[in-house]
Amino acid sequence: TRNERSVDCILASDVFIYVGDIEKILGESARVLVKDGLVGFTVESFDFHREDKDSRGLKLLSCGRFGHSKKYIHDIAASKGFDVMSWNDCVLRKQGQNDVIGAVVILRKRF
């Protein structure tokens, strides 16, 4: 267990795709980060449609990993005291011959 406000930056690449709901992780990140501390991570993304009420913008993809929508990340980040500094769509890696589409995200703690 880390002390409150004792960490400047947290990084997680190719982690949240195996976790799914990151609400608790961002809550704990907010606890240990200093004001203006950063969280950087990658997600596999998908286009969220408002009529898909069950997913909240989070779903298990056909590949067996979790996808996180831009809306989900913005909503969870805001609820935990973060601003989304950056959302960069990109190809995260190749799976066989196919591109794995996702995003690199940077959050900044507000307080």
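Residues numbered from 1 in each chain as written. Predicted model: local features only at pLDDT ≥ 70, side-chain atom pairs only at ≥ 80, totals over all residues. Heavy atoms only, no water.

K.L.:
Teacher, can you tell me more about helix 2 (residues 23-32) here?
P.N.:
Residues that lie three or four places apart on an α-helix share one face, since the helix turns once every 3.6 residues. For helix 2, every residue scored as buried is listed here: L26, S29, A30 and V32. On its buried face, helix 2 sits against strand 1 (7-12), strand 2 (33-44), helix 3 (70-79), strand 5 (82-95) and strand 6 (98-109). (Buried < 20%, exposed > 50% of the residue type's maximum accessible area, 1.4 Å probe, protein only. Helix = DSSP H or I, 4+ residues; strand = E, 2+ residues; numbered from the N terminus. Contact = heavy atoms within 4.5 Å.)

K.L.:
I tried to follow the side chain of S69 on my own but got confused; where do I start?
P.N.:
Along the chain, the position of S69 falls in the loop between strand 4 (66-68) and helix 3. The exposure class of S69 is buried, given its relative accessible area of 1%. Residue contacts for S69: discarding those within four places in its chain leaves F46, F48, G57 and W87.

K.L.:
What should I look at first to understand the packing of aromatic side chains in this one?
P.N.:
How two aromatic rings sit relative to each other is set out by the distance from centre to centre and by the angle between their planes. Scanning all chains against the criterion turns up one aromatic pair. Ring geometry for F16 against F41: centres 5.0 Å apart, planes inclined by 55 degrees, an arrangement best described as tilted. With F16 in helix 1 (residues 16-19) and F41 in strand 2, this residue pair connects regions lying 25 residues apart in the sequence. Just as F16 is buried, F41 falls in that class too. (Phe/Tyr/Trp six-rings, centres within 6.5 Å; stacked < 30°, edge-to-face > 60°.)

Don't take any of this as a statement about function, it's just geometry.
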